[in-house]
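Tertiary structure, described
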Amino acid sequence: PRLAREAEALWVSLDAGRLGGVAVLGGKPRQLVAAALMAPSLIGWVVFAADLDAREMASLERLSAIPLHAGVLVGEQSSWRSAAGTMRLDEKAAGSLEGHLKDNAAFEMADDDEPSITLAKPLPTFLTGDRALLILAYPKSEALAGARKLQIALGLMTLLGMALAAFATWRAAGRITEPLARLDHAAGRLASGEHVKVQVRGEDELARLAATFNEMSGKIEEREKRITQLAFNDVLTGLPNRTMFQQQLEHLYHSIEDSDVLVALHCLDLDQFKVINDTLGHPAGDALLIAAGDRIRDVARGHFVARLGGDEFVVLQRVEGDRNAIDRLAEQLIASIARPLTIDGNELVPSTSVGIAIAPFDAPDGGTLLRNADLALYRAKEAGRGTFAFFEESLNRRAQDRRRLETDLRLALERGEFELYYQPLFDLESNRIGSFEALIRWNHPERGLVPPAEFIGVAEETGIIVPMGAWALREACRKASEWPEHVRVAVNVSPVQFHRGGLHETIVQALAASGLAPDRLEIEITESVFLDGGDSTLKLLHSLRSIGVRIALDDFGTGYSSLSYLQSFPFDKIKIDRSFIENLLTRPGATAIVAAITELAHALGMETTAEGVEDNAQLVELRSHGCSSVQGFLFARPMQANQITRLFRDEDQARNVA
Ligand code: C2E
Ligand code: MG
Ligand code: MG
């Protein structure tokens, strides 16, 4: 009955003109093709049916290049059932098929839990009411097999990319961060005073930065060297300076501790350098210093040489063993300096004196050693230029005494410890006191009355003589203004007062303040005033003469060329030195000299005073030679000012009695 029903359905379709399609016959899907039998009019139909079974599906699958699974579904009521092929459709999938059919697109479908990408195509059917579908499923696992490889490849590539990125970052860090860190470190070291260079690699900005840094570091080093050079070296001679010498000296003191090594400090001072500098000019002086520096450096090779300033040089000699090496070096230094040299066409024969102090014997420290070598230098100069002398402890005591004297002298003036004593000069023509010579005394609080011989020299060297001499001039003029008008006052003036200037003003002020007539003031000078004064001394003398002040030449006959000075200035008086008077009657020829001097002075219109007349025989002799006046213990010793008033009273009384 079923077949009859199916045949009935076939007729319906054939009548409707269908010639092929899928039909479910006997529960199975089959492909039908119908052909009309004509003889000549239609007598019947031949219908071929081929099973759409598993075999057919397999052959269909083989046609595909990809591993497809094919199957046929037939529709039953509202759902589908698998009618051919290996596909099994579960309930859920079958249910959702309807929706996918409308989309006409591939969808995902699970078959035996294996998801597949599926395409469903309705097949043309032969019988009305039949529905059939061709299902092509492509298992996802197979479809994605290629994609997995791609995925792995992608994953690998990602990993590789990350690794590359990490490497590149690391490299970049190496090329940027690391050089920057090195630069930062180097800058830090540079700031703390080290001299650093960073290595330059490549040609990028960092390399250029590093190169600039190196350049900067180099320049800083250069500048530092220059600053050090300026701080520790003498610009003129290029020798180390005092600062460096002091460092070196301290260093040497440490280095010879607990050893047998001695250090001899040679202090050199060019003789008469000031004269050369003053007469030939500073450039010549500089040239001489440079030459001296070179010579000392040559001779003292291997020893430390420095210029302390001015014309003062030092050599530090390490002595191990033979101590004669010290004398030898000193002699060589003196000999090398003494070689003649020509500066600006002037032939010079320089010379130097050397003072030597030896560490550790002569001083416990560097400063004292230098001072002691300096003392030895003074002694060498005293002994005659161009010699050397060693320090002795006695020099130190002498120096201490002298320093003491200096400080005392400075205070003496403020404290009013100076006093003028006056010694009369007896006029042989008028037979009365013609003048008094003011002679300074120092009432020392501890030492008592100190004679000028003990402090004038120091006062001259320290310059204290200037205010001291000014005081003497004021004081003498003030006292003399109280004396009878015919009595003059004679004041000794030091060459230093001449050369330090201000003497003219001092004298004018002393006269003005006291009201003393200028011709009642006589200043006594010695020949030494001409030694380094030249024209200015003569000018000053003339200017004093022009205001009426008298000028006497003191200690005549003790200098080298006394007579020649008589020609250079019209002195008012010559004071014949005490040494001639002392031997007047004992030494043959002394009388002749004194006679000659008085005669010469007379011829030049100058008065004469004989100094140091102690006995009558001398007086008689001097009178016979026509000496104008005499001064000495025979008449009076230097006396205090208040005694003079009494003296005049006595003199007046004696005159009155006569
Ligand atoms: P002077 O100017 O030649 O003074 C004469 C010196 O001979 C004085 O020594 C005097 O006391 C000393 N005398 C005088 N008669 C005799 C005598 O019969 N026998 C001996 N043995 N000596 C006699 P005093 O006062 O010691 O002065 C020494 C020198 O000090 C002076 O020599 C003078 O050059 C200098 N002097 C003194 N007072 C001053 C002063 O105020 N300023 C300067 N610049 N020098 C002064
Ligand atoms: Mg005098
Ligand atoms: Mg004298």
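See the structure above.
The sections below set out a description of the structure shown in this document. Quantities reported herein were computed from a predicted structural model and do not represent experimental measurements. (Residues numbered from 1 in each chain as written. Chains lettered and ligands numbered in written order. Predicted model: local features only at pLDDT ≥ 70, side-chain atom pairs only at ≥ 80, totals over all residues. Heavy atoms only, no water.)

1. Some remarks on the site of ligand 1
Lining the immediate surroundings of ligand 1 are 20 residues, of which Arg441, Asp554, Arg578, Glu614 and Phe633 lie closest. The separation between an oxygen atom of ligand 1 and a polar side-chain atom of glutamate 437 is 2.9 Å. Note that an oxygen atom of ligand 1 is positioned 2.9 Å from one of the side-chain N or O atoms of aspartate 554. Relative to its unbound accessible surface of 790 Å², ligand 1 loses 81% to contact with the protein. If you map ligand 1 onto the pockets, it falls in the second largest pocket. Secondary structure elements with two or more residues in the shell around ligand 1: strand 17 (432–444) and strand 21 (550–556). (Near = heavy atom within 4 Å. Polar contact = N/O pair within 3.5 Å; in protein donor to acceptor, adjacent residues only side chain to side chain. Areas by Shrake-Rupley, 256 points an atom, 1.4 Å probe, with all protein chains shown as cover. 1 Å grid on protein atoms, 1.4 Å probe; cavity = no way out; pocket = protein on both sides within 12 Å on 5 of 7 lines; lining within 4 Å. Sits in = over half its atoms within 2 Å of the grid points. Helix = DSSP H or I, 4+ residues; strand = E, 2+ residues; numbered from the N terminus.)

2. Concerning the packing of aromatic side chains
For any pair of aromatic rings, geometry is given as the distance between the ring centres together with the angle between the planes. Enumeration according to the criterion identifies 13 aromatic pairs in this entry. Considering the side-chain rings of phenylalanine 426 and phenylalanine 635, the 5.2 Å spacing of their centres and the 10° angle between planes classify their relative orientation as stacked. Linking phenylalanine 426 in strand 16 (residues 418–427) with phenylalanine 635 in the loop between strand 24 (629–630) and strand 25 (639–640), this pair joins segments that are 209 residues apart in sequence. Arranged with centres 5.2 Å apart and planes meeting at 65°, the rings of phenylalanine 569 and phenylalanine 571 form a pair that is edge-to-face. The pair phenylalanine 569 / phenylalanine 571 is uniform in exposure class, with both members buried. The ring of tyrosine 421 has arginine 441 sitting right over it, with the charged end atom 5.5 Å from the ring centre. Note that arginine 637 overlies the ring of phenylalanine 633, its terminal NZ or CZ placed 3.8 Å from the centroid. (Phe/Tyr/Trp six-rings, centres within 6.5 Å; stacked < 30°, edge-to-face > 60°. Buried < 20%, exposed > 50% of the residue type's maximum accessible area, 1.4 Å probe, protein only. Lys NZ or Arg CZ within 6 Å of the ring centre and 35° of its normal.)

3. Examining the side chain of threonine 118
With respect to the helices and strands, the residue threonine 118 is situated in strand 7 (residues 114–123). Under the relative-accessibility criterion, threonine 118 is labelled buried at 1%. At 3.4 Å, the side chain of threonine 118 forms a polar contact with the backbone oxygen of serine 116. With near-sequence residues (within four places) excluded, threonine 118 lies in contact with Ala105, Ala106, Phe107, Met109, Ile135, Leu136 and Ala137. (Contact = heavy atoms within 4.5 Å.)

4. Digging into the coordination of the magnesium ion (ligand 3)
On the protein side, the magnesium ion (ligand 3) has Asp554 (OD), Asp555 (OD) and Glu611 (OE) as donor atoms, found 1.9 to 2.4 Å from it. The sequence pattern formed by the donor residues of the magnesium ion (ligand 3) is D-D-x55-E. Between the magnesium ion (ligand 3) and the magnesium ion (ligand 2), the interatomic distance is 4.0 Å, and aspartate 554 donates to each metal, bridging them. We classify aspartate 555 as partly exposed; its relative accessible area is 26%. (Donors = N, O, S within 2.8 Å, 3.2 Å for Na, K, Ca; no water.)

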